[in-house]
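Spelled out, the chains give:
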Amino acid sequence: MARMKFLCDADRCIECNACVTACKNEHEVPWGINRRRVVTINDGKPGERSVSMACMHCTDAPCAAVCPVNCFYTTADGVVLHSKDLCIGCGYCFYACPFGAPQYPKVGNFGSRGKMDKCTFCAGGPEADGSREEYEKYGANRLAEGKLPLCAEMCSTKSLLAGDGEIIAQIYKERVMKRGYGSGAWGWKTAYRETIES
Amino acid sequence: MASRDSAKAPCRDRGRSALLTLAAVLIALPIGAMAAVAQLRGHGGPVRALAISADGQSAISSSFDSTAIRWSLTRNAAEQVLRFHSDAVNAVALLGEGRAATAGADGRIAIWTFGKAEPDAVLEGHTAPIVALTVSPDGATLASASWDHTVRLWPLAGGTPRVLDEHTQNVNGVAFTADGRALVSVSYDLSARIWPLSGAQTPTVVPMPTPLNAVAAGSDGEIAVGGADGKVYFLTVGGARAGEVAAGPRPVISIAISPDGSMVAAAGIGGAVAVIDRKTRTLARTLVGPGLPVWSVAFLPDSRTLLTGGADNIIRRWNAATGELVDPLLVETAGDPLAAYAGDRGAEVFRACVACHTLGADQANRAGPTLAGIFGRRIATAPGYKFSEALKRLDIVWTPETVSKLFEVGPQVYTPGTKMPEQRIGSEQDRAALVQFLERATKR
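The name an unreviewed UniProt entry assigns to chain B is C-type cytochrome, from the organism Bradyrhizobium australiense.

You'll find chain A entered in an unreviewed UniProt entry as 4Fe-4S dicluster domain-containing protein, with Bradyrhizobium australiense given as the organism.

Here it is, written out as structure tokens:
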């Protein structure tokens, strides 16, 4: 079974935000929530770098460690998902995530807490694959259709890679062999506790 | 802002309030809370915040269980349970002169005089959970950080709060500099902002490489911030980076600087607390607890003793200079309350309920009432729990059928007005397994 991972090659990101737009459109993500965002470091200065950030579907996911209701689970593909039926919107996973992934919808009244929302690696949720209920809660389940996450598929510079961790690591190694290490595979070590050796 | 005149209530009323409060403590706390050990038990949920009095004699803690508790650190006992918030209490601050502030996920700040059962004043304005509080060195201003992306500065003498609204994401921490001339806020938006409190109002923005969860300011002006990347970053009051130390592999969620400035304690979700030598910028030692997230840390005035509170609901006392627990008897592994039900599908379904509910007659209420003896009981009648008025008006008796219905349609539909978070169980088999489990596990 493949171990699905994201890889953001910061040397290639041109801050076009196509990944952000593709994600919002594919999953009909509500206003005010961005499952993916592009962050630019040293904007306008030497050393400027942009990275596309979302849930990295970490190995030994820290969000799961703090959840008081155990709403997180990891699929056989290594994708970290959560049940919105169980989530109580406490927000503890906010603190735990190094990637700023959990989103917390603003709700009208304090009495009705919003459920956490985050990137699903286009893999839906606990409901039946491709069901209407799954789509309404989590968005499209492209993985069940044999497709990869749309954010990476849309990336014009192939800065953002998604797929079997071994394959995307190999692609990245080949780039590093030709151009040098550069600014690195952003977030890879934090998420997966390993480095990509060139 | 509500009136604060009630702070001047006659002594007779205060005495009556104190008696009522003591009675409430005796009813609400498990017996272990009153035992004279260095371990402070009483909360029914993760301990989210801690503050210690200037004389080191008392502390206040707050919890996911929607309460705050005032503790005597000399008697190691709870002295008052503060019940007001309708949701988790995320932040506390001691205001001096026997007063404190608590703030919660309900977006409200309560100002308390110890001994009184109700808050003197309630500060409202935030539109999302409040997650941090701090009071200015002169005691005149309370600062609050909120997930509505703002910081508010509340004059404690009354008046309109000043709103600092430049962060673009949740604000997770806030601290005054020691001289009281600036305020530091840290956010999920990968920045720390240093706000001058007089003169020019434009903050210094310090870009950071990670979401920030916590901040503390030292007496010499240096600022320490804790990141989701497991590092502690040091900043000058001017916003320049002044070093960093890896506290551990997991995100830092709480941070404190010892009063003498020698140490920084950084607690993380991995369950360990890193003690950092500020002078050498090195990790001096790691305090290893039961392995559950540590949500709060605070030093006593002696700069050696550290209190920690976490997801095991217990406040522990450590010698930060040696890394040892003050009372070694406190070394215990957080037990799995469902270990006896291994392999039971209903127990696995119930795991999502454990944060708020206990099962046995000898177990206390948490954020929700104990479920001991639930079947056959009318809704909102479990003893010792403060139910909402909306629930008291409902005509429901808990049976296997009504419990199953609750989770089929969800609490907001079945029990309108409940404080219970919305949770549903879509699978009919899982609902049946849960009910069967509860029938076995909640018999008195």
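Here the narrative resumes.
J.: I would appreciate a short explanation of the overall build of chain A in the present structure.
T.: What chain A contains, in helices and strands, is 7 helices and 7 strands. The order of helices and strands in chain A, counted from the N terminus, is β-α-β-β-α-β-β-α-α-α-β-α-β-α. Taking 2.2 N^0.38 as the reference for a compact globule, 198 residues should give roughly 16 Å; the C-alpha atoms of chain A span a radius of gyration of 17 Å, in line with that estimate. Taken along its principal axes, the extent of the C-alpha atoms in chain A is 55 × 40 × 30 Å. By the burial criterion, 47% of the 198 residues in chain A qualify as buried. Counting contacts in chain A only where the partners sit at least 6 residues apart, residues at least 24 apart contribute 58% of the total.

J.: Would you mind going over the domain arrangement of chain B with me for this structure?
T.: One widely used convention gives an interface's size as the accessible area the parts lose upon coming together. Residue and element names in this part refer to chain B. Annotation of chain B at the domain level lists domain 1 (5-330) and domain 2 (339-441). Contact with domain 1, which involves 10 residues of that partner, is made by 8 residues of domain 2. Split by residue class, the side of domain 1 that touches domain 2 holds 4 nonpolar, 4 polar and 2 charged.

J.: Is there a simple way to think about the UniProt feature "repeat: WD" (unreviewed entry) in chain B in this case?
T.: Residues and elements named next belong to chain B. Following the UniProt record, one finds the feature "repeat: WD" (unreviewed entry) at residues 40-81, 123-154, 164-205 and 287-328. With 0% helix and 60% strand, residues 40-81 has its two end C-alpha atoms placed 13 Å apart. Between the C-alpha atoms that bound residues 164-205 the distance is 13 Å, and the span itself is 0% helix and 50% strand.

J.: Quick question: what am I supposed to make of the pairing of strand E21 (residues 241-246) of chain B here?
T.: Residues and elements named next belong to chain B. Sheet analysis places strand E20 (residues 231-235) next to E21, joined by 4 bridges and oriented antiparallel. Each bridged residue has a counterpart across the sheet, and for Tyr 233 the counterpart in E21 is Glu 244. Counted between consecutive antiparallel strands, the loop separating E20 from E21 contains 5 residues, among which Gly 239 sits at a positive phi close to 100 degrees.

J.: Looking at this model, I keep getting lost on the environment of Phe 387 of chain B. Mind explaining?
T.: Residue and element names in this part refer to chain B. Relative to the helices and strands, Phe 387 resides in the loop between helix H2 (345-350) and helix H3 (389-392). In the structure, Phe 387 is positioned 10 residues away from Val 397 in sequence and 15 Å away in space, judged by C-alpha atoms. Beyond its immediate chain neighbours, meaning those up to four positions away, Phe 387 contacts Ala 380 and Lys 392.

J.: How should I be thinking about the nonpolar core in this particular structure?
T.: Most often, soluble globular proteins keep nonpolar side chains buried together rather than apart. Core analysis: the biggest nonpolar cluster contains 184 residues, and Val 184, Val 215, Ile 255, Ala 265 and Ala 266 of chain B have the highest contact counts within it. Split by domain, this core shows at least three residues from each of two domains, domain 1 (5-330) and domain 2 (339-441) of chain B.

J.: What is the right way to read the confidence of the model for chain B from this model?
T.: Here chain B averages 87 in pLDDT, while 89% of its residues score no lower than 70. Segment residues 1-37 of chain B: pLDDT under 50, and 47 contacts once partners within four positions in sequence are set aside and those in other chains are kept.

J.: Any chance you could explain the UniProt feature "domain: Cytochrome c" (unreviewed entry) in chain B here in plain terms?
T.: UniProt records the feature "domain: Cytochrome c" (unreviewed entry) for residues 341-442 of chain B in the present numbering. Taken end to end, residues 341-442 of chain B comprises 37% helix and 0% strand; its first and last C-alpha atoms sit 13 Å apart.

J.: Sorry if this is basic, but what is going on with the sheet that holds strand E10 (residues 130-135) of chain B here?
T.: Sheet strands pair by backbone hydrogen bonding; their relative direction is either parallel or antiparallel. All names here are of chain B. Spatially, E10-E11-E12-E13 is the arrangement adopted by the 4 strands of the open sheet, whose pairing is antiparallel. Whereas interior strands pair on both sides, the edge strands pair on one side only; in this sheet they are E10 and strand E13 (162-164). Across the sheet, the mean angle separating the axes of adjacent strands is 20 degrees when strand polarity is ignored. Looking at chain direction, E10 and strand E11 (residues 141-146) are connected through 5 bridges and run antiparallel.

J.: What am I meant to see in the sheet that holds strand E6 (residues 89-96) of chain B here?
T.: All names here are of chain B. Here we have 4 strands laid out as an open sheet, ordered E6-E7-E8-E9, and antiparallel in their pairing. Two strands lie at the open edges of the sheet, namely E6 and strand E9 (121-124), each paired on one side alone. Between one strand axis and the next, the sheet turns by 20 degrees as a mean value, whatever way the strands run. As judged from the 4 bridges shared by strand E8 (residues 108-113) and E9, these two strands associate in the antiparallel manner. Within the sheet, the bridge partner assigned to Ile 109 lies in E9 and is Leu 123.

J.: Looking at this model, I keep getting lost on the packing of helix H4 (residues 400-409) of chain B against helix H6 (residues 428-441) of chain B. Mind explaining?
T.: Relative placement of two packed helices is described by the angle separating their axes and the distance separating the axes. Residues and elements named next belong to chain B. Direction vectors running N to C along H4 and H6 enclose 135 degrees, while the axes themselves pass 10 Å from each other. By the angle class used here, H4 and H6 are oblique. Our pair here, H4 against H6, has a crossing hand that is right-handed. The residues of H6 that touch H4, namely those facing Pro 400, Val 403, Ser 404, Phe 407 and Glu 408, are Arg 431, Val 435, Leu 438 and Glu 439. Along the lines of polarity and charge, the residues of the contact of H4 with H6 split into 5 nonpolar, 1 polar and 3 charged.

J.: How do you make sense of H6 of chain B when you look at a structure like this?
T.: Residues spaced three or four apart along an α-helix face the same direction, because each turn holds 3.6 residues. Residue and element names in this part refer to chain B. For H6, with 14 residues, the first-to-last C-alpha span of 20 Å sits near the 20 Å given by 1.5 Å per residue. Within the span of H6, buried status applies to Arg 431, Leu 434, Phe 437, Leu 438 and Ala 441. Seen along its axis, H6 keeps its buried residues to an arc of 125 degrees; they face one direction. The exposed residues of H6 that point more than 90 degrees off its buried face are Glu 428, Gln 429 and Arg 440. Against the buried residues of H6 lie H2 and H4.

J.: Looking at this model, I keep getting lost on unusual backbone geometry. Mind explaining?
T.: Residues and elements named next belong to chain A. The phi dihedral of Asn 17 falls on the positive side, at around 65 degrees, and the residue is not glycine. With respect to the helices and strands, Asn 17 occurs in the loop between strand E1 (4-9) and helix H1 (18-27). Even without being a glycine, Asp 60 presents a positive backbone phi close to 50 degrees. Note that Asp 60 resides in the loop between strand E3 (49-53) and helix H2 (62-66). Judged by local crowding, Asp 60 falls into the partly exposed class, with 14 C-beta atoms found within 10 Å.

J.: Please clarify how the interface of chain B and chain A should be interpreted in this entry.
T.: If you look at the interface, chain B gives 33 residues, while chain A gives 27 residues. Here the residues of the side of chain B that touches chain A sort into 20 nonpolar, 7 polar and 6 charged.

J.: In this structure, what is going on with H4 of chain B? I would like to understand it.
T.: All names here are of chain B. Those residues of H4 that fall on the buried side of the exposure criterion are Val 403, Leu 406 and Phe 407. Down the axis of H4, the buried side of the element spans an arc of 85 degrees, and every buried residue falls inside it. Among the exposed residues of H4, those pointing more than 90 degrees away from its buried face are Glu 401 and Val 409. Where H4 is buried, its residues contact helix H5 (411-414) and H6.

Cut-offs used in this document
- Counting of residues starts from 1 at the beginning of each chain's written sequence and follows it residue by residue.
- Think of it this way: whatever chain is written first is A, whatever ligand is written first is 1, and the rest follow in order.
- Local features are withheld for residues below a pLDDT of 70 in this predicted model, meaning they are given only at 70 or higher, and side-chain atom pairs are given and counted only at 80 or more; totals for whole chains, interfaces and linings count all residues.
- Segments assigned H or I by DSSP are reported as helices when at least four residues long, segments assigned E as strands when at least two residues long, and all are numbered from the N terminus.
- The size measure is the radius of gyration over C-alpha atoms, and the globule rule it meets is 2.2 Å times the number of residues to the 0.38 power.
- Exposure criterion: with C-beta atoms placed from backbone coordinates, a residue whose C-beta has 20 or more other C-beta atoms within 10 Å is buried, one with 12 or fewer is exposed, and one in between is partly exposed.
- Two residues form a contact once the distance between their C-beta atoms, set from the backbone, is within 7 Å.
- All the domain ranges listed were derived from an automatic or database domain assignment.
- The classification used treats Ala, Val, Leu, Ile, Met, Phe, Trp, Tyr, Cys and Pro as nonpolar, Asp, Glu, Lys and Arg as charged, and all other residues, Gly among them, as polar.
- UniProt positions are given in the numbering used here, feature names are shortened, and annotations may be inferred rather than shown by experiment.
- Here a strand pair is declared whenever DSSP counts at least two bridges between the two strands.
- For our purposes the nonpolar core covers buried Ala, Val, Leu, Ile, Met, Phe, Trp, Tyr and Cys residues that link as a set through C-beta atoms within 7 Å.
- Each residue carries a pLDDT score, the predictor's own confidence in it, on a scale running from 0 to 100.
- Whenever a helix is involved, its axis is fitted only over the stretch in contact; in every case the axis is a line through C-alpha atoms, and angles between N-to-C directions fall within 0 to 180 degrees.
- Roughly parallel means an angle under 35 degrees; roughly antiparallel means over 145; roughly perpendicular covers 65 to 115; every other angle is labelled oblique.
- The sense of a crossing depends on the near helix, which, turned anticlockwise from the far helix by less than a right angle, makes the crossing left-handed and, turned clockwise, makes it right-handed.
- To estimate the expected span of a helix, subtract one from its residue number and multiply by 1.5 Å.
- For this quantity, the arc is that covered by the directions from the helix axis to the C-beta atoms.

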